[in-house]
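# A look at the structure
Listed below are the residues making up each chain.
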Amino acid sequence: MKSLRKIIALFAFIFLAGIFITVITINTSLNKSEITKETVEIQKDTLYLLKAEKKTV
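Residues numbered from 1 in each chain as written. Predicted model: local features only at pLDDT ≥ 70, side-chain atom pairs only at ≥ 80, totals over all residues. Heavy atoms only, no water.

## Points about the overall build of the protein
- In terms of regular secondary structure, the protein is built from 2 helices and 0 strands.
- Sorting the 57 residues of the protein into buried and exposed places 0% on the buried side.
- Counting only carbon and sulfur atoms, one obtains 70% of the accessible surface of the protein, whose full area is about 5,900 Å². (Helix = DSSP H or I, 4+ residues; strand = E, 2+ residues; numbered from the N terminus. Buried < 20%, exposed > 50% of the residue type's maximum accessible area, 1.4 Å probe, protein only. Areas by Shrake-Rupley, 256 points an atom, 1.4 Å probe, with all protein chains shown as cover.)

Written out as structure tokens, the structure is:
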């Protein structure tokens, strides 16, 4: 019985460690500031094109 408890505890530890590592990895990938910079550049380009269309029409 003691070895069964040890095996269950080991699997529980591995499972919780995997969840913890996954959450940290996802949070760090979502917190990158490069994504917002790309969005701002696209918006600026779109506004520039819209202004250029108004001037030509």
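## Some details on a nonpolar patch on the surface
- Where nonpolar side chains cluster on the molecular surface, the patch consists of Ile7, Leu10, Phe11, Phe13 and Ile14 and spans about 560 Å² of accessible area.
- Mapped onto the secondary structure, Ile7 falls in helix H1 (residues 2-30). (Patch = residues over 30% accessible without salt bridge, like charges linked within 9 Å, V, L, I, M, F, W, Y side chains within 5 Å. Salt bridge = Lys/Arg side-chain N within 4 Å of Asp/Glu carboxyl O.)

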